[in-house]
Amino acid sequence: MERAELAGWLRLSLTPGIGDGAARRLLAAFGLPERIFTQPDAALREVVSQAQAAALQQIPVNLQAQIDLTWQWLHAGDNGVVRRVVTLGDAGYPASLLEMTDPPLMLYVLGAADYDLTQLGHSIAVVGSRNPTPQGATNARSFARALGEVGLPVVSGLALGVDGAAHQGALDAAGDTPRLATVAVVGTGLDRVYPARHRDLAHRITLQGLIVSELPLGTPPLTQNFPKRNRLIAGLARGTLVVEAALQSGSLITARLTSEQGKEVFAIPGSIHSPQSRGCHALIRQGAKLVESVSDILEELPPLQAKAAPGAATANGVGHADDTAEDPLLDALGFDPVSLDALSARTGWSAAALQAKMLELELDGQIARLPGGLFQRTATA
């Protein structure tokens, strides 16, 4: 992209009062941004309001600084990582976003040189709670890995919890294979990583995936930008899997946007006692597909069904959903969080015997110790 072309797109996106809808009308009427800014006031007022036409004839205060910042960022790539700006007028713009009512004017893209956003036609979004249960985090990673193993890129939002686990699972599946494993759609400018503790994960994603934002460089993590981010997660992917979510959750926004775009919504059920399962249960009542294994997702995507691998992830780990534990204590434990007192009542074991056995299972990775003195089976149990 030439500097003059970049300047035109940045000026259009930064002009006060010109949202994406008005910008698209202007582009449809006059062509590329450079032509918009040569139009007389009367021509502009046939497309936008008088106030918007007046704003278009003024140069935004911070425009030159943003042009300089973006131009420097574009040419600062290293270690095989490429920085790109993809505009609504580019051939490489994702077709799935063009089907949205409000596609972004610009996408900032960070990743390996040979990965293309047009590959995302068969991706699946995996989203959920920032504070998942241990089982929820394991499910997110297992499902993402299984999706990756059948060749489906995983789209998520780089947030703590389920998002991070999903990206990690997709990268696990890719191994050292040079392919598009995962896409992180973020709610900040690409010159910063949020949350900061995902800096190493973001670096891994740039090597085997893409990080994408519609927000200008320098944009901090503002609350109002994350619902906008969620619509892009829904827009890029073919369907959305919600792993765990509370009733008031950004993941439910992503699910709603997915449904409004005519795409599939999938939800993993959980314990009736867990607040993190209530959002998924609400989605299932509203028509989302209940998912116990990756095959439940693939069967809704017929062209991809033949790629399903044996041993696909289930909501209890890797394997078949009806596998049963051989250990009688695991059978008594079930799949919901439970206290030692409840286990003692179920099994008739003494507290000392139970504690010894639970420690053994915990060290073996078959159970997890939760806050409040509760225990829960892990995905491998």
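All of these numbers come straight from a predicted model, not from anything done at the bench.

S.K.: For this particular structure, what's the right way to read the overall build of the protein chain?
M.R.: When helices and strands are counted, the protein chain shows 17 helices and 14 strands. Projected onto its principal axes, the C-alpha coordinates of the protein chain cover approximately 85 × 40 × 40 Å. Long-range pairs, those at least 24 residues apart, make up 71% of the contacts in the protein chain with a sequence separation of at least 6. Entry remark: accessible area of the protein chain is about 17000 Å², with carbon and sulfur atoms responsible for 52%. Looking at the protein chain, you have 30 positive and 37 negative side-chain charges, and the mean spots of the two groups are 6 Å apart.

S.K.: What should I look at first to understand the packing of aromatic side chains in this one?
M.R.: The description of an aromatic ring pair uses the distance of the two centres, along with the angle that the planes make with each other. A full pass over the atoms with the stated rule returns two aromatic pairs. With a centroid separation of 6.3 Å and an interplanar angle of 70°, the aromatic rings of Trp73 and Tyr108 are classed as edge-to-face. Of this pair, Trp73 sits in helix α6 (residues 63-74) while Tyr108 is found in strand β2 (residues 106-112), placing the two residues 35 residues apart along the sequence. Judged by its relative accessible area of 1%, Tyr108 falls in the buried class. Between the aromatic rings of Tyr194 and Phe226, the centroid separation amounts to 6.0 Å while the plane-to-plane angle is 50°, which identifies the pairing as tilted. You can see Tyr194 sitting in the loop between β5 (182-185) and α10 (199-208) and its partner Phe226 sitting in helix α11 (residues 225-236), a full 32 residues away along the chain. For Phe226, a relative accessible area of 14% translates into the label buried. Here the basic side chain of Arg11 rests over the ring of Phe37, its NZ or CZ set 4.0 Å away from the ring centre.

S.K.: Can you walk me through the environment of Arg145 in this structure?
M.R.: For Arg145, the position within the fold is in helix α8 (residues 134-149). Taking the C-alpha atoms as reference points, Arg145 and Val294, 149 residues apart in sequence, are found 10.0 Å from one another. Excluding anything up to four places from it in sequence, Arg145 contacts Gly169, Ala170, Asp172 and Ala173.

S.K.: Sorry, what's going on with the pairing of β5 here?
M.R.: Two faces belong to every sheet, and in a regular strand the side chains alternate between them. Taking every second residue as pointing to the same face, both faces of β5 are buried, with Thr182 and Ala184 on one and Val183 and Val185 on the other. Across three bridges, strand β4 (residues 154-156) lies against β5 in parallel orientation. Along β5, the bridge assignment pairs Ser156 with Ala184. With helix α9 (residues 162-174) bridging β4 and its parallel neighbour β5, the resulting β-α-β unit is right-handed. Bridging between β5 and strand β6 (residues 209-213) involves four bridges; their strand directions are parallel. Residue pairing for β6: Ala184 is matched across the bridge by Ile211. Note on the crossover from β5 through α10 to β6: the handedness is right-handed.

Thresholds, definitions, all that
Residues numbered from 1 in each chain as written. Predicted model: local features only at pLDDT ≥ 70, side-chain atom pairs only at ≥ 80, totals over all residues. Heavy atoms only, no water. Helix = DSSP H or I, 4+ residues; strand = E, 2+ residues; numbered from the N terminus. Contact = heavy atoms within 4.5 Å. Areas by Shrake-Rupley, 256 points an atom, 1.4 Å probe, with all protein chains shown as cover. Lys, Arg positive; Asp, Glu negative; His and termini not counted. Charge placed at Lys NZ, Arg CZ, Asp CG, Glu CD. Phe/Tyr/Trp six-rings, centres within 6.5 Å; stacked < 30°, edge-to-face > 60°. Buried < 20%, exposed > 50% of the residue type's maximum accessible area, 1.4 Å probe, protein only. Lys NZ or Arg CZ within 6 Å of the ring centre and 35° of its normal. Pairing = 2+ DSSP bridges. Right-handed = clockwise from strand over helix to strand, strands pointing away.

Distances and angles like these do not, on their own, reveal function.
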